[in-house]
Amino acid sequence: MIRIRVAEETVGRYYPEQEMRTPTHFSIGQEAISVGVCQALEQTDAAFSGHRCHAEYLAKGGSLLGMFAELYGRVDGCCKGRGGSVHLNDPSVGMIASSAILGEMIAAGVGAAWAFKMDGSDRVAVTFFGDGVTEEGIMHESLNFASVMNVPVLFVCANNGLSTNTPLSVRQPRGHQIWKWAAGYNIASEHVDGSDVFAVHKAALRAVAHLRAGKGPYFIEAPYYRTRVHVGYETDEMKNYLFRSKETVEAGKALDPVLKATRKMIADGICTQAEVDEWTAAMVREVEDVVVQAKASPFPTVDQLLVGAY
Amino acid sequence: MRTLKYNQAISEATVQCMKNDPNVFVAGIGVKDPGGIFGTTEEANELFPDRVFDIPNCENAFAGITIGAAAVGKRPLIVHPRNDFMFLSTDMLINLAAKWKYMYQNGTSVPVVTRAVVGRGWGQGATHSQSTHALFAHFPGLYVATPAFPSDIKGLMVTALTGDVPVVILESRAVYGLEDEVPEEPVAIPFGKGRIIREGTDVTIVGASLMAYEALRAAAILSEQHGISAEVIDPRSIRPLDEEIILKSIAKTRHLVVADTSWATYGFAAEVAAVASEKGFADLQAPVRRVTLPDSPAPVSKPLEDAFHPTPMSIAQACLGVLRQEVQVTSHVRDVQEAFAGPY
Ligand SMILES: Cc1ncc(C[n+]2csc(CCOP(=O)(O)OP(=O)(O)O)c2C)c(N)n1
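Only a predicted model underlies this, so the values are computations on that prediction, with no experimental measurement involved.

Calculation notes
Residues numbered from 1 in each chain as written. Chains lettered and ligands numbered in written order. Predicted model: local features only at pLDDT ≥ 70, side-chain atom pairs only at ≥ 80, totals over all residues. Heavy atoms only, no water. Salt bridge = Lys/Arg side-chain N within 4 Å of Asp/Glu carboxyl O. Helix = DSSP H or I, 4+ residues; strand = E, 2+ residues; numbered from the N terminus. Buried < 20%, exposed > 50% of the residue type's maximum accessible area, 1.4 Å probe, protein only. Phe/Tyr/Trp six-rings, centres within 6.5 Å; stacked < 30°, edge-to-face > 60°. Lys NZ or Arg CZ within 6 Å of the ring centre and 35° of its normal. Contact = heavy atoms within 4.5 Å. Pairing = 2+ DSSP bridges. Axes fitted to C-alpha atoms, helices over the stretch in contact; angles between N-to-C directions. Near = heavy atom within 4 Å. Polar contact = N/O pair within 3.5 Å; in protein donor to acceptor, adjacent residues only side chain to side chain. Areas by Shrake-Rupley, 256 points an atom, 1.4 Å probe, with all protein chains shown as cover. Buried area = accessible area lost by both parts, 1.4 Å probe. Nonpolar A, V, L, I, M, F, W, Y, C, P; charged D, E, K, R; others polar.

**Things to note about the pattern of salt bridges**
Residues and elements named next belong to chain A. Tallying each qualifying case throughout the model produces 27 salt bridges over all chains. Put simply, Glu-190 and Arg-206 hold a salt bridge, and the shortest N to O gap is 2.8 Å. Here Glu-190, found in strand β7 (residues 188–191), pairs with Arg-206, found in helix α9 (residues 197–212); they are 16 residues apart in sequence, far enough to count as distant. Accessibility expressed as a relative area gives 15% for Glu-190, which makes it buried.

Okay, here's the thing in structure tokens:
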């Protein structure tokens with residue numbers, strides 16, 4: 001989690017230089033969900049994500065240099081500079097794909113899980129998406145299909161209450177909870193605090209056991225607080241609280257999953273603040289090093305433009 | 001005449017049409033956001049907050065929902081911040097909206113008007129910078145416009161929001177900042193009428209959307225540095241297509257280059273070339289040349305992206321090619337979006 005946080009904050013620091021020319025949706029605040037779930041998976045399990053995919057890519061084991069070089073559009077990028085921030089993938093660690101069009105990866109996740117089932121494999125698939133995606137018809141079609149076909153897919157809805165800047169109250173029925181949609185399709189589902197990595201991880205372990213036991217799909221809804229603007233590195237403060245009130249922002253800060261996890265570990269005597277600081281410092285060194293490497297990586301040459309279209 | 005930016009012209013057309021017809025409403029993801037879809041829906045929302053609707057993410061159903069509303073008398077103006085999201089709406093637009101007027105033959109028409117932005121540059125990438133104009137224009141029953149200039153988008157919107165045909169209007173993100181003269185009144189511009197935006201005698205350049213503007217810049221290069229007089233035609237609407245204006249122009253210049261923001265294969269440029277060869281073959285002194293996207297999805301990396309989009313230089317080079325001049329275009333003009341600082 002610290003590694004992902006440091007990586008994202010570093011992206012945010014360099015982003016204004018205009019060298020990472022790729023619309024970027026920051027994962028800061030969402031790390032507990034990505035890490036809590038991916039820690040319950042094997043590398044051979046398949047993961048899919050959406051436009052906000054940095055944390056999931058890294059949590060699944062995607063290369064840090066692959067990510068930074070991709071943001072800089074260089075040949076060492078995970079997609080050699082073709083995909084950009086919203087299309088990170090690394091099949092070697094089971095991070096199959098990310099997509100910038102809402103909902104597509106829910107269907108793809110179901111498809112991968114269905115394939116595993118056809119093969120009689122015990123691999124599972126997980127698909128990460130936001131609350132906004134759950135309004136798309138494709139989610140409902142996919143939940144229905146997954147339930148009918150009893151496929152081993154874990155749906156993870158990282159719910160930050162916003163779709164771009166539009167709150168849930170404008171988009172979904174009052175008092176409704178997203179996981180109940182899944183329950184309506186006879187899918188085992190639960191709601192877990194997305195700012196608590198330990199709680200998410202326990203839920204994910206339950207889910208993965210359920211999937212591997214052949215009991216069909218599983219759905220986790222995990223609320224969390226998005227710390228930045230929808231796309232871009234800015235905080236609410238930098239935008240003069242144009243979209244959210246100062247009070248909301250202050251309340252959100254209390255949900256910082258990295259702080260919550262480290263505080264708990266210190267309180268439980270698992271580690272000390274000094275150790276946390278040391279890990280953080282080590283991550284900063286690693287990430288800064290990667291930034292240097294990414295910037296030193298060459299751009300693809302124009303003769304590569306058509307390579308790989310077929 | 002006073003001038004407006006492209007986004008201001010859209011806003012003005014929207015507000016005037018809403019004032020003139022209480023059935024006009026605006027809907028789409030984020031249309032009530034501060035800033036309102038790049039400044040196009042803000043004023044409408046201030047003046048008519050009850051007729052501007054932020055909606056759930058549901059492009060597929062929503063196209064059908066607006067078709068239903070239109071069938072009973074409303075005039076929906078739907079806005080998509082990227083036209084790539086409209087792939088989810090294609091079933092409704094193509095199987096319903098495009099068909100009903102013809103199929104029912106009893107006055108059932110659904111004049112839904114869909115505005116959508118075509119992204120470009122700054123790493124918008126494979127799924128956020130496509131243009132769907134040829135796709136929608138393929139199907140009879142829809143009108144499709146790709147206006148490049150502020151006055152044209154205003155006039156076409158006025159026609160769309162007062163007519164009885166479903167319309168798709170595609171707006172290039174790259175022309176949003178361009179400023180030009182726009183009449184203050186809501187003056188309708190008909191679909192199917194192109195515009196000669198620069199007169200010339202040696203070669204005709206037809207350019208849709210951003211390419212109309214880029215063709216103008218190409219024409220300037222050709223005239224200043226090569227002594228060539230290019231005539232530039234902006235079709236404004238690509239369905240119906242003003243074939244006459246194109247054929248008349250090639251009868252004069254005898255050479256044709258078509259520039260497009262999308263791919264060549266089965267595309268707008270192919271259509272114009274087909275019209276020229278079917279109906280203007282005798283006038284042509286050289287094969288038509290198409291300036292389009294290379295055959296790959298849009299890459300993100302800057303050098304690849306720079307090589308991906310047609311430019312004034314590549315259009316000018318194509319013109320020299322059809323005129324059988326071997327010289328290379330050496331001049332360089334600024335990228336149309338050079339000042340764009342991202343991310344969206
Ligand atoms: C089909 C489609 N419609 C609209 C968009 C524009 N869009 C991109 S991200 C986003 C918000 C999605 O919200 P959510 O799913 O909750 O994810 P979050 O950004 O909050 O992580 C929207 C509307 C899109 N990419 N694809």
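**A look at the packing of aromatic side chains**
Enumeration according to the criterion identifies twelve aromatic pairs over all chains in this entry. Among the aromatic side chains, those forming a connected cluster through ring pairs are Tyr-15, Phe-26 and Tyr-233 of chain A together with Trp-122 of chain B. The aromatic ring of Tyr-344 of chain B is capped on one face by Arg-82 of chain B, whose charged end is 4.2 Å from the ring centroid.

**A word on the side chain of Thr-146 of chain B**
All names here are of chain B. The topology assignment puts Thr-146 in the loop between β6 (143–145) and α7 (150–162). For Thr-146, a relative accessible area of 1% puts it in the buried group. The residues contacting Thr-146, other than those within four sequence positions of it, are His-133, Leu-170, Ala-208, Ser-209, Arg-236, Ser-237 and Ile-238.

**Some details on the sheet that holds strand β10 (residues 203–207) of chain B**
Residue and element names in this part refer to chain B. The sheet built from five strands is open, its strands ordered β9-β11-β10-β13-β14 with mixed pairing. In the strand order of this sheet, the two ends are held by β9 (195–198) and β14 (289–293), each with one partner. Sheet twist, expressed as the average angle between the axes of neighbouring strands with direction ignored, equals 25°. Pairing analysis gives four bridges linking β10 to strand β11 (residues 230–234), with the strands arranged parallel.

**As for the site of the ligand**
Among the 20 residues in the neighbourhood of the ligand, the closest are listed as Arg-52, Ala-100, Gly-132 and Asn-160 of chain A together with Glu-59 of chain B. The ligand sits at the junction of chains A and B, each of which supplies nearby residues. Between the ligand and the protein, one listed contact pairs an oxygen atom with a side-chain N or O atom of His-51 of chain A at 2.7 Å. At a separation of 3.0 Å, an oxygen atom of the ligand approaches a polar side-chain atom of Asp-131 of chain A. Here the ligand loses 96% of its free accessible area of 580 Å² to cover by the protein chains.

**Focus on the interface of chain B and chain A**
Across the contact, 33 residues belong to chain B and 36 residues belong to chain A. Summing both partners gives a buried area of about 2,900 Å² for chain B against chain A, and 63% of it is carried by carbon and sulfur. For the chain B face of the interface with chain A, the top three residues by lost area are Asn-57, Trp-122 and Leu-304 of chain B, together amounting to 24%. One can count zero salt bridges joining chain B with chain A. Counting across the chain B and chain A interface gives 13 residue pairs in polar contact (both at pLDDT 80 or more). Of the residues contributing to the side of chain B that touches chain A, the split by class is 19 nonpolar, eight polar and six charged.

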